[in-house]
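Topology and contacts: notes
Listed here are the chains, written in short residue letters.
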Protein chains: 4
Amino acid sequence: MPSTKLFAIVAGAGPGTGKATALRFAKAYPVVLLARRPESYAEAVAAIEAAGGTAVGISADATDPASLDAAFERIARDLFPGHRLAAAVFNAAGGFARKPFLEQTGAELAGALDGSVKGLWNFAQKTIPLLLETVSAEDKPSHPPSLLVTGATASVRGSAQFGPFAAGMFARRALAQSLAREFGPRGVHVAHAVIDGVIDIPRTKAYAVNGGVEDGKISADAIAESYWHLHTQPRSAFTQEIDLRPFVEKF
Amino acid sequence: MPSTKLFAIVAGAGPGTGKATALRFAKAYPVVLLARRPESYAEAVAAIEAAGGTAVGISADATDPASLDAAFERIARDLFPGHRLAAAVFNAAGGFARKPFLEQTGAELAGALDGSVKGLWNFAQKTIPLLLETVSAEDKPSHPPSLLVTGATASVRGSAQFGPFAAGMFARRALAQSLAREFGPRGVHVAHAVIDGVIDIPRTKAYAVNGGVEDGKISADAIAESYWHLHTQPRSAFTQEIDLRPFVEKF
Amino acid sequence: MPSTKLFAIVAGAGPGTGKATALRFAKAYPVVLLARRPESYAEAVAAIEAAGGTAVGISADATDPASLDAAFERIARDLFPGHRLAAAVFNAAGGFARKPFLEQTGAELAGALDGSVKGLWNFAQKTIPLLLETVSAEDKPSHPPSLLVTGATASVRGSAQFGPFAAGMFARRALAQSLAREFGPRGVHVAHAVIDGVIDIPRTKAYAVNGGVEDGKISADAIAESYWHLHTQPRSAFTQEIDLRPFVEKF
Amino acid sequence: MPSTKLFAIVAGAGPGTGKATALRFAKAYPVVLLARRPESYAEAVAAIEAAGGTAVGISADATDPASLDAAFERIARDLFPGHRLAAAVFNAAGGFARKPFLEQTGAELAGALDGSVKGLWNFAQKTIPLLLETVSAEDKPSHPPSLLVTGATASVRGSAQFGPFAAGMFARRALAQSLAREFGPRGVHVAHAVIDGVIDIPRTKAYAVNGGVEDGKISADAIAESYWHLHTQPRSAFTQEIDLRPFVEKF
């Protein structure tokens, strides 16, 4: 019996969680990396190939349905014909910085909502049908197909001056919960991770987080390892939500 | 010393919570009622006037900044010159019905987000500056100026097939929390109410909620009474969130 | 038709929430005040009588079932024969100070659990049957009979070095929730209040809370007013949980 | 450089989560199994030894400090001299069945609190000092030392007629949170798992959970795998809480 050929997709494949997750899942599956700009995924694609894996980067904007349509048509047609989707990771950032409410603009609110929740909604519209197909594949894959969604502190806390970001991330969490309740019983594992801290990436190197203590920022590789664990959970024991934070983080 | 003259605004002034809240606050203040269509506020305006109160209805769409601009210009210029804003209630509905995720449209998602969170954000942009002015009025009003926000079961629970509505209502709650944390310390009371059940209004008369038992739907007048209580809380004891449900409601 | 004669009971009637609640409810009902030591309720009893109300203090320890038995026998026999219980407020303190976990003693844990949850369980065993009788009284009282339970920040947050207190207060909240779900549908309103801040009482006068700002501590009278509001909610719109905190409190 | 020799302890080592966790951790460490009665751990000890691992069962009652003292003295003296504690798992059951509140007894409440929170408090008093020693071991172990705590649906929901059990499990969760906040910054990973469903063990074979669907009960091995994942998280990315439930479980 030939086993089902599988692949994974990571949206928001820039440095940090996206790149690390793509590398981790590439140990098991060919991986498609989506990002708005090629420079965001180029490094991850190179690193996966250097490690002997298979990776394809596609420039796509999850907030734009037409852009996603084009990307998924290309995936279906050119990339992995006959492959089933094992895992889809949504990691695109919401993109809003702290700002007094009365200085915020409607465009900033719209941008935060687009990035946080419209992007996930679009991405789920494309990936849920593929994940459902994997559930009904003749030879079941080892792990239930998964949709993994990256959250943040702002997913569970509306801090002062963070309204648009918190609005977007609360909304993203709501959508992930709703999808888990609709598609869990159909065999698709939808999980949400509250990343509660600053991730240790080149851009944050200079930040003296948690007093600058060693391991005071979150290792992106460790996040990726937890995402992989979520993916490997059997359907008798799905996790819907985890939190991840450095040992010294206040919470 | 002349006491400060005050007024209140209720956005989303249709039958149910909006109308009942307008009537309750009209016992103390002249009230402006905002709704998209005159037929939504006409009944409430008539009822307030019949009871000896003062009410003005204005057709306005909270999701449209230009429409709100026009409404607030009219309020400042024509309606209550020299009056300060005592209370602003945001009660506009999110407007989304249950539907399988894969049948939902992007327009439905956008509509739910617009109604639930963009509308509140627009309304808060207009009312927070007025509420801050009330805080600094020379003769302090009896009650801290308040922004009261109506939520729903979907504000805290992402049920299956309710993704867009839950996304919007989670986002609304996040924004209310964020505003409470930014403007509470400046003297403005921002509170959020989780209305967890079906409200007893003409449109729901036929619904056999909770087995059709008496009081199995929520009285809009009771909600209004709780809103009034929130408004009267002194700043030493602000409530940020309450839930309200019929005694027989499962939760 | 003669209306039902009613009374209220406040357990934990010392200065602060207990005394203020007793005074507030005494405007409507004769009140029984329970406390371990007479000096805890003496002041409140005197203040109620001075205001023209009726109050009786009884020394009783809610953590000791025999002590409560004696108190409720006396109430039934001597105090208000033929009266029904309108409201029961449980406000006894958990009694634990911050201490490193490895320095805590088993006796401190037991004391915190006794005060926080065993006391409420005992008190509810005595009051729920009386509240159910009120529900079925021939002439219904104006407000559904209520069991109101005082919580704290530690009811929803297990802070470092506060394990026993948080354990007790989480447990108290769990029991209040469970009682609300069992007895709400039978007409008894069980509500829990998260008092999130320092209460302004003689013992805390010296504390420079929130930078010593005016109204930076919670007014006990304001808490009492919110408890009275909870008591007056009709059964079509019960609140199960509110939070109360000063406008400047971080949360 | 000689690497640190490590061992693990599982309290509540009966069939289900306890046995499965002991087996999983025995792949890496010698394991001590604690249970009140030898028949509870006998099967797990035999299974570990059959698989080539090392296991020792000790009869001990976590609710009794003297019993735990004796067990830990024996561990220190006889079992693994020079070994450090890598992981401690608290899995003892709370032990309370659904019952109308007015039929519950004080002994049932006390039993639920003892089993759920006093037992954990006692166990943590014995294991936290050992876990702190592991943190400061000269040659660091691969994984931060961990205290893993088993919760249940009742840890986050006070259902009708489940007051004592919910009180105990809310309290257990509070204590786990408090320990995480105190000892996380010192390098000990404290995590809590909300096991939201019926575990698939011999005793539950006959239960037609979730309509009797395959995988409608939770696999104890899957829980154990998630516990192992929690144990392997580096200190830059600790999870404090996960939920685990069957794909078809309502939540």
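Bear in mind that the values here come from a model prediction, so they are computed numbers and not experimental data.

1. Remarks on the overall build of chain A
Assigned secondary structure in chain A consists of six helices and seven strands. N-terminal to C-terminal, the α/β element order of chain A is β-α-β-α-β-α-β-α-β-α-β-α-β. A compact globule built from 251 residues would reach a C-alpha radius of gyration of about 18 Å, and chain A, at 18 Å, matches this within 12%. Along the first, second and third principal axes, the C-alpha atoms of chain A reach 60 × 40 × 35 Å. Every one of the 251 residues in chain A was classed for burial, and the buried ones make up 62%.

2. Some words on the interface of chain B and chain A
Listed by partner, the interface residues are 37 residues for chain B and 37 residues for chain A. Joining chain B to chain A, the criterion identifies zero salt bridges. The tally of links between chain B and chain A comes to 16 residue pairs in polar contact (both at pLDDT 80 or more). Counting residues per element, the ones that place at least two in the side of chain B that touches chain A are α4 (106-135) and α5 (163-183) of chain B. A per-element tally of the side of chain B that touches chain A places α5 of chain B first, with 15 residues. Of the residues in the side of chain B that touches chain A, the class split is 22 nonpolar, 10 polar and five charged.

3. As for the packing of helix α4 (residues 106-135) of chain C against helix α4 (residues 106-135) of chain D
Following both chains from N to C, one finds α4 of chain C and α4 of chain D inclined at 140 degrees, their axes separated by 11 Å at the closest point. Compared by their axis directions, α4 of chain C and α4 of chain D come out oblique. Our pair here, α4 of chain C against α4 of chain D, has a crossing hand that is right-handed. Of the residues in α4 of chain D, those in contact with Gly106, Leu109, Leu113, Val117, Lys118 and Trp121 of chain C of α4 of chain C are Gly106, Leu109, Leu113, Val117, Lys118 and Trp121 of chain D.

4. Quick look at the packing of aromatic side chains
Within the structure shown, the criterion is met by 28 aromatic pairs over all chains. Pairing Phe25 of chain B with Trp228 of chain B gives two aromatic rings, centres 4.9 Å apart and planes at 80 degrees, and the pair type is edge-to-face. Placement of Phe25 of chain B in helix α1 (residues 17-26) and of Trp228 of chain B in helix α6 (residues 220-232) is noted, with a sequence separation of 203 residues between them. One exposure class covers both Phe25 of chain B and Trp228 of chain B, and it is buried. Between Trp121 of chain C and Phe101 of chain D, the aromatic rings sit 5.8 Å apart at their centres with planes inclined by 75 degrees, giving edge-to-face as the arrangement. Remark: Phe101 of chain D occurs in the loop between β4 (84-90) and α4 and Trp121 of chain C occurs in helix α4; the pair is interchain, linking two chains. We classify Trp121 of chain C as buried; its relative accessible area is 5%. A relative accessible area of 1% means that Phe101 of chain D is categorised as buried. Members of the aromatic cluster, joined through ring pairs, are Phe25, Tyr29 and Trp228 of chain A. Note that Arg245 of chain A overlies the ring of Phe251 of chain A, its terminal NZ or CZ placed 3.9 Å from the centroid.

5. Looking at the relation of the copies chain B and chain A
The two copies are related by a screw motion: chain B maps onto chain A through a turn of 180 degrees and a shift of 0.0 Å along the axis, at an RMSD of 0.0 Å. Classification of the inter-copy transformation places it as that of a two-fold axis. Mapped onto chain A, 100% of the interface residues of chain B again fall at the interface, so both copies present the same surface.

6. Details of α4 of chain D
Residues three or four positions apart in an α-helix share a direction because the helix packs 3.6 residues into each turn. With 30 residues, α4 of chain D ought to run about 44 Å at 1.5 Å a step, and its terminal C-alpha atoms sit 41 Å apart, in line with that. The sharpest bend along α4 of chain D comes to roughly 40 degrees, located at Asp114 of chain D.

7. Overview of the confidence of the model for chain A
The predicted model of chain A has a mean per-residue pLDDT of 95, with 99% of residues at 70 or higher. At the level of chain-chain contacts, confidence expressed as ipTM amounts to 0.97, with global pTM at 0.97.

8. A few points about the pattern of salt bridges
All names here are of chain A. Scanning the model with the defined rule gives 52 salt bridges over all chains in all. Ionic pairing is found between Asp61 and Arg36, a salt bridge with its closest N-O pair at 4.0 Å. In this pair, Asp61 sits in the loop between β3 (55-59) and α3 (65-79) while Arg36 sits in the loop between β2 (31-35) and α2 (38-50), placing the two residues 25 residues apart along the sequence. Look at the salt bridges and you will find they share partners, linking Asp196, Asp243 and Arg245 into a network.

9. Details of the environment of Glu39 of chain C
Residues and elements named next belong to chain C. Mapping Glu39 onto the fold places it in helix α2 (residues 38-50). Overall, Glu39 belongs to the exposed group, its relative accessible area being 56%. Residues Glu39 and Met169 lie 130 residues apart in sequence; the distance between their C-alpha atoms is 25 Å.

What counts and how
- Residues numbered from 1 in each chain as written.
- Chains lettered and ligands numbered in written order.
- Predicted model: local features only at pLDDT ≥ 70, side-chain atom pairs only at ≥ 80, totals over all residues.
- Heavy atoms only, no water.
- Helix = DSSP H or I, 4+ residues; strand = E, 2+ residues; numbered from the N terminus.
- Rg over C-alpha atoms; globule rule 2.2 N^0.38 Å.
- Buried < 20%, exposed > 50% of the residue type's maximum accessible area, 1.4 Å probe, protein only.
- Contact = heavy atoms within 4.5 Å.
- Salt bridge = Lys/Arg side-chain N within 4 Å of Asp/Glu carboxyl O.
- Polar contact = N/O pair within 3.5 Å; in protein donor to acceptor, adjacent residues only side chain to side chain.
- Nonpolar A, V, L, I, M, F, W, Y, C, P; charged D, E, K, R; others polar.
- Axes fitted to C-alpha atoms, helices over the stretch in contact; angles between N-to-C directions.
- Parallel < 35°, antiparallel > 145°, perpendicular 65-115°, else oblique.
- Left-handed = near helix turned anticlockwise from the far one by under 90°.
- Phe/Tyr/Trp six-rings, centres within 6.5 Å; stacked < 30°, edge-to-face > 60°.
- Lys NZ or Arg CZ within 6 Å of the ring centre and 35° of its normal.
- Least-squares fit on C-alpha atoms with pLDDT ≥ 70 in both.
- Expected span 1.5 Å × (residues − 1).
- Bend = angle between axes of the 7 residues up to and from the residue.
- pLDDT = per-residue confidence, 0-100.

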